[in-house]
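The residues making up each chain are set out below.
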Amino acid sequence: MKKITSICLTIFLGVNIVSAYAARGEQLAILSEDFSAFTEGTESTPAESELSTGNAMIPMEFTHGIQWKGRGIHQAGGVCAVLSYDDYTYGETQGWIQTPYTDVRLDDGNFILRFRARSIAQTKDSLILYLQDQYSNNYYTSEKCTITDQWQTIEVSFQHNFGMGSRLAYVQIGAYNDSWLIDDIEIIQDVYDICSPHAISPKDVTFEHFTARWDAVWSATSYLTSAYYYADEEKTHRVYIAENIETTECECQVTGMEKGKTYFFTVKAKNDKYTSVESNEVQVYVPIRTMPVPELADPTDITDTGYTARWYPVERAMGYAVRHFLKHTARSDEEYTLVHEDLETITEGTFEWPGYFYDYDLNKYSKVPGWGVNMGCTVKGMIGIDNYYRDFEEGKITSPEFDLSRNDGKYTVQLNVYAIHAGDTVYVDSYCEGEKEHREYLMKTVGEHSFSVDFTNGSAQTHFTVTFSGTDKMFIDDIFVKQILRAGESYTSALASFEVEGIDNTSYTFTDLTGSESDEYLYSVASWSYSLDEEGIWGPNVYSEYSEPQIVRLSSSIENVDGIDSDKVYAHNGILYVGVARDALVRIYTIEGKLILSRQITIGKHELDLPIHGFYLVYINDHCYKVSL
């Protein structure tokens, strides 16, 4: 209820006023707000607390569920008071109010902003009105009008050129000098049609269904959704899986999709008088947020020096990540090299002009991921650490966490290094559950040094660091980690970690491998792709989990004792394979001469399980072969 009779005053602003319109339809308010929820305070004494906060949002429960913005916004007994507020940067600042984003596409973007206003403290003041849109960083046009201490109705004409920006426009209003009141705001347009909705990216998208979504149209009572794919590359023939499905909501679930087809959807707005044209067309993208684990295939081309790892293609993969391991099982007590980083893939730099190293890890160059680098530099085949800024940050290499719990925690680190200055000391520190062991090595001369240091604090999670005493640089050529393995103990070391590109790039051949009956190779594969959201925007890579490792035993070398090569004998993964061109008697002896198998076999290839790894003599009739598993 308004206590003051309004004085109707049409302010001539912009290019049009209401009377100048040649209306094609009805003059209707497409947005209105009467501030009836602003119940506290009075016009002369507005409520003390500000409704809007630092983010300038007016709580929507006060504006009929529509988002208005402003600062210095106070309740004033059924009207809105716009007062000054304390700005963090500029101090006391004049308040302002901003209309919601409003679709003004009808009538070529022409609309009238109508409202009632008056000044609180002055007999005369000026309002400035800025027309902006959702994407503008500055206003398109501005208009100015005068208010007094008496209520008056003001109408301001605008035209929003939405072709150059967003279809959603808003007007921001503020006073030049002092506090003021505003009420009964309306945006009025010549309504002769209904705007088409603005379709947005769908949600809940799978290969079978999706939920189409769109922004509401103010005059719509329902919406018609259509979904389809194109039967031709020119996109002239639509095949509908849903056509004009009616709903009163701003979303609609669509089913019946088939994998392998690209789908689109559009929507129309509808009321008792009008049905809009189609909205913008939206392509349906099935998002990529996770990737399936690849299924491994049997390896092929297995020899005594290499093999080909294989896996099956993963749908939508852009490539694969491969990890390669060596599992060594000690036959008797032995000192075994658990890790050897040779850094041969570093190609930049010389001792006179070291290469820059901007990374914080060695993952691009190491066999085992997780090596940390602080203040790094490079020489071909070496990683350097630089102590030029040692007082602030020293050069350091930090190892990954290793399981060094075997051999009562005793292990050895061997380093091959290059000294730039004689007299520098290398520090190697081993860390385990807060316990530190410190070792030193003095480099008495310039040039290459190779040394080992022993530690006793190995555990299931142990790492070590390498630093040095000098103020220049030091370079590391090789890093070895060694430990005693007792008979029967195994250790799996990482040999390589790399990525390949292409969905059909589903194999990799490993060469120049060495092995014995104590060694097994393993490989594990993950799929990867760029991530993809429902808007069709590519993002960072996503990876699957790695597959369970595939175990590969290199083919053992076969020694044909009597030189006859008409039959075939070879071993792989603990299985002896015997191929004969005729029926034959097969006898297998241990190297000590104990007969463990005697069998008559027919023409063809046969698999024979042997109880343990080792050397065997295989007789096919009278021909003898020596084989190791």
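Here the structure is a predicted model, which means the values were calculated and not measured. (Residues numbered from 1 in each chain as written. Predicted model: local features only at pLDDT ≥ 70, side-chain atom pairs only at ≥ 80, totals over all residues. Heavy atoms only, no water.)

Draft legend 1. Inspection of the sheet that holds strand 24 (residues 307-311) at higher detail. The strand order across the open sheet built from 3 strands is 23-24-39, with neighbouring strands paired in antiparallel fashion. One side of each edge strand has no neighbouring strand; the edge strands of this open sheet are strand 23 (296-300) and strand 39 (507-510). Across the sheet, the mean angle separating the axes of adjacent strands is 20 degrees when strand polarity is ignored. With 3 bridges connecting them, strand 23 and strand 24 associate as antiparallel partners. (Pairing = 2+ DSSP bridges. Helix = DSSP H or I, 4+ residues; strand = E, 2+ residues; numbered from the N terminus. Axes fitted to C-alpha atoms, helices over the stretch in contact; angles between N-to-C directions.)

Draft legend 2. Looking closely at the side chain of Thr308. Counting through the fold element by element, Thr308 comes out in strand 24. Among all residues touching Thr308, those that are not within four sequence positions of it are Pro299, Thr300, Asp301, Ser507, Tyr508 and Thr509. (Contact = heavy atoms within 4.5 Å.)

Draft legend 3. Fine view of unusual backbone geometry. If you check the backbone angles, Asp108 has positive phi at about 55 degrees while not being a glycine. Counting through the fold element by element, Asp108 comes out in the loop between strand 9 (102-103) and strand 10 (110-119). For Asp108, a relative accessible area of 53% translates into the label exposed. Of note in this structure, Lys235 is not a glycine but carries a positive phi near 60 degrees. Along the polypeptide, Lys235 turns up in the loop between strand 18 (222-230) and strand 19 (238-247). For Lys235, a relative accessible area of 45% gives the class partly exposed. (Buried < 20%, exposed > 50% of the residue type's maximum accessible area, 1.4 Å probe, protein only.)

Draft legend 4. Focus on the environment of Leu129. Along the polypeptide, Leu129 turns up in strand 11 (residues 124-133). It is 9.9 Å that separates the C-alpha atoms of Leu129 and Leu113, two residues lying 16 residues apart in sequence. When residues no more than four places from it in sequence are discounted, the contact partners of Leu129 are Leu113, Phe115, Thr141, Ser142, Glu143, Cys145, Val156, Phe158, Val171, Gln172 and Ile173.

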